[in-house]
Amino acid sequence: RRRRASASRVPRAARGAMGELEGESVQLEVLPKPPSAGGKIEAIAAVEGKEATFVAFVSGIGLRYLDLDAEGAGRWSTAGGFAGAISGQLGVFHHSGGGGPAAFVSFVEAPARSWVCLRVPQVGEAMSVDQAALVERTALGAAVAAACRAAPADGEAALLLAGGGVRFLDLSTGKVVGKGPKLEGKAASSGSSSMAIAGLGPRRVAVVWEAEYFVLELEAETQKVLLRSQGSLGLGGLGSLGSLMGVSSMGSREDRVLLCWGGASEASAQSFATVLLEGATASASLLPSTAAPSAAWLCVSGYLAECVPVEGRSDLTVALRDARFGMQVASAEIPLALGKKAAGGLLFTASRGTALIVGSKGSEAAALRWRLPRFSLQLLIGAGEKEALAQGPAQLSALRAMAAGKRPGDDPAVEEMLSGKRRKTTDEALASEVRRRCWPPSPELVDIIVRGQCWAAARELLGLPELGEDLAVRLLAGDAGQEASLLAHVVRRASTPGLLQAALENHLPPVLLPALLEVLIEWMEAYREFTPEALQKAAPGLPTQAEIVRFLAAMADGCLPSLLRLEGDLLERVSEALLLANRERARGERMHSMLRAALKIKEGSTFLREAWEAPAVEALLLDF
C-alpha cells in the first residue's frame, strides 16, 4: 500500500512545509513495491523523455523496461536479450534516437574495456524476447574508470579512462565522436586511480582527479574535445578525507558540483562538499556530516538524496538535504531487503519525479515519488515561520491564532487585546516579538497592527529588510493621520523602484496624497535652508534629499491619475521644489569640478604656464 512520509520521520520544518505550504513544499511518497524483475538487476537508468519509466540490465535476461503508472504499480517488459556481461557500476544509458520505433541502450561491457550499443524497441512498442540488435562494439584501449552523460538530452556519453583519457561516444551509433587530450597533473604523475566524471551541461563535463579538476567540452562543429579550464581543489583541512567516491552536477547554471569521499571505515559516514569549478584554486565547502554511512546517494534538482539503512531493521531511510548547505528538508522510510553489506551495492536512480532503489541483492526494488521545488533553504525557513509564530510567549496567543486563521477578527479575546486599555501593553509586546523576528511579515500581521494602532510594532516592522514594498505602503496607509510618522520610515527604506511604484498604485488611498506631498515639500524646503548635518542633528532619522526625490518619482509613476486631480498650486510647489533641488545639485557639481581644477594648478607649474601660452596647433571642426 502506498505510504506518505509520516510526521515522525520528517523534520519539523519539513512537516510544516508539507502541511502549511501546500503546493510549494518538498513531498515524499512511498509507492507500492514493484514486481520482481525475474533476475538480478545489474544496472538501471531512467528512460529518456519518459516519466517514471526505467530500463534495467537483468542477468540471464537482458534489457527490461519498468513502467510505473500513476498509481505506482510497476510492470516489467523485455526489450531485448543480451548474453554478455556488463560493468554495472558504470551504469546504462538510454537514448530515444529521435522518437522513432527504435531506441538505443549503451553500456560498458565486463571487463571494462569495450563499449556496446544495442538497438531495442521504444517503450510502448511491441516487445521482443529475442536478442537485442548489436549496433556497434567499440574497443577503448584502456579500462573505463567512470562514465556519465553531459546532459539528460545529450546524444553522447562521456567515458573517463584509467590514465586520464576522455572519450565521447555517440549513443545511437556506438562510435567515438570525440577524443579529449590526455589529462596531466600531479594526480596523473602519481598514478592515482581516485577519479570521477560528471556532466555540467550540453557536451560539457567535469573530471575530478584526486585534488585537481578539469572541465572539457565537445565542440559540435569540429567534434574536438577541448580543455576549457583546469585547477586544483582548495580542500584545506579536507585533505584527510578518504578516497574520492563520486562527483555530481548540482544542476545550476554555474559549474558547481557535489563531491563525495568515502569514510575511513565501512562504519564511517561519507563526506560531501560543494565546489565551484573556476579559477586556479576552487574552494570546497564541506556539508554537515551525518551519523550513519549512506548505502547510495544521488544529487537531483539541487538536493542530495541519501539511502541510509535502518539499524536492526530491513528498512531504508531516504533523506533529502539541500545540496548547497546540507540542511535536511524531508525523509521517509521504505521497506527494502538489504544484503549483509548494506553499506554498498545499492542502485539509485531517478526519472524526473520518481526515484527507484534496487537492493544490494539485486532482485528487489522500491519506488519513491517526490516533489522537489527549488530554493530549499528558503523553503525550509518559510516552513518554520508559522511554527516559530506558534512558539512565542502566551501573552499574544489570541493574536497569533487570529493571524493563523484559527480565530475570527471579532473574537472577544482579540478585541480586548486591541482595545484602548491594553493597546500600549500589546503594542510593546508585539514590537518586541517583531524585533526578534518571532512574527514573519505578512498581511495578517499588518492588519493587526493597523487595527490596533500598534505604531511601535509598525516601526519595528518597517525596519526589517525582508518586509515587502506592498506591506510597507499598507502600513503607511493605515497611519492616515500621520500620528506615528511612518512616512519617514517608508521613504528611508531601500526598495525596488518598480515594486514601490506598484505598491503605491495598489495600496495608497488617493485621499492621503495631499497630506503626504505637504510633508515631502516641507522636507525639501528644509534641505534648502539648512545643511544635512544640522537637519540630522535636529531631526534624527529624517530621509535624505535623494531618498525624498526617489519616493516622489515612485509616487509620480504609481499615482499619476490621482495626482492629476489635485490642486494645481500643490503640484506647482512640488515641481518647484524638485527644480530647485536639481539646480542646487548642478551648482554643487560645477563648484566641485572648479575647485578640483583650481587645486591642481600651482604657481610656476607647467600646467599654469601652458594655460597662458598660445597653443602651437589649433584644430577646428567646421560643419558645412
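Residues numbered from 1 in each chain as written. Predicted model: local features only at pLDDT ≥ 70, side-chain atom pairs only at ≥ 80, totals over all residues. Heavy atoms only, no water.

1. Looking at the pairing of strand S23 (residues 296-300)
Piece 1. With five of five residues buried, S23 is to be regarded as a mostly interior element.
Piece 2. Across five bridges, S23 lies against strand S24 (residues 303-309) in antiparallel orientation. Note that in S24 the partner of Trp-297 across the bridge is Glu-306.
Piece 3. Where S23 folds back onto S24 in an antiparallel hairpin, the turn is made up of two residues, including Ser-301, whose phi is positive at roughly 55°. (Buried < 20%, exposed > 50% of the residue type's maximum accessible area, 1.4 Å probe, protein only. Helix = DSSP H or I, 4+ residues; strand = E, 2+ residues; numbered from the N terminus. Pairing = 2+ DSSP bridges.)

2. Here's the deal with the packing of helix H8 (residues 443-452) against helix H10 (residues 469-478)
Piece 1. For the pair H8 and H10, the least separation of the axes is 10 Å and the interaxial angle reads 15°. If you check the angle between H8 and H10, you find them roughly parallel. When you trace H8 past H10, the crossing you get is right-handed. Residues Pro-443, Val-446, Asp-447, Ile-449 and Val-450 of H8 form the contact with H10, whose participating residues are Leu-471, Arg-474, Leu-475 and Gly-478.
Piece 2. Residue classes in the contact of H8 with H10 are distributed as six nonpolar, one polar and two charged. (Axes fitted to C-alpha atoms, helices over the stretch in contact; angles between N-to-C directions. Parallel < 35°, antiparallel > 145°, perpendicular 65-115°, else oblique. Left-handed = near helix turned anticlockwise from the far one by under 90°. Contact = heavy atoms within 4.5 Å. Nonpolar A, V, L, I, M, F, W, Y, C, P; charged D, E, K, R; others polar.)

3. A few points about the packing of H8 against helix H9 (residues 455-462)
Piece 1. Packing of H8 against H9 brings their axes to within 8 Å, and their N-to-C directions diverge by 145°. Note that H8 runs across H9; the crossing there is left-handed. Facing H8, whose interface residues are Leu-445, Val-446 and Ile-449, H9 presents Ala-457, Ala-458 and Leu-461.
Piece 2. Class assignment for the residues of the contact of H8 with H9 results in six nonpolar, no polar and no charged.

4. Quick notes on the sheet that holds strand S12 (residues 156-161)
The strands making up a sheet associate through backbone hydrogen bonding, with each pair oriented either parallel or antiparallel.
Piece 1. Taken in spatial order, the four strands of this open sheet run S11-S12-S13-S14, and their pairing is antiparallel. Strands at the two margins of the open sheet, each flanked by one partner only, are strand S11 (144-148) and strand S14 (176-179). Ignoring strand direction, the axes of neighbouring strands in this sheet form an average angle of 25°.
Piece 2. For S11 and S12, the ladder comprises four bridges, and the chain directions are antiparallel.

5. Looking at the nonpolar core
Piece 1. Counting residues in hydrophobic clusters, the biggest one holds 67 residues, and the most contacted among them are Leu-430, Trp-439 and Phe-551.
Piece 2. With 10 residues, helix H13 (residues 513-529) is the largest single contributor of residues to this core.
Piece 3. Ignoring any residue separated from it by four or fewer positions in sequence, one finds Phe-551 in contact with Leu-476, Leu-487, Val-490, Val-491, Leu-500, Leu-504 and Leu-520.
Piece 4. Core analysis: the next-biggest nonpolar cluster, separate from the first, contains 26 residues, Ala-295, Val-300, Cys-307 and Leu-320 among them. (Core = buried A, V, L, I, M, F, W, Y, C linked by side-chain atoms within 4.5 Å.)

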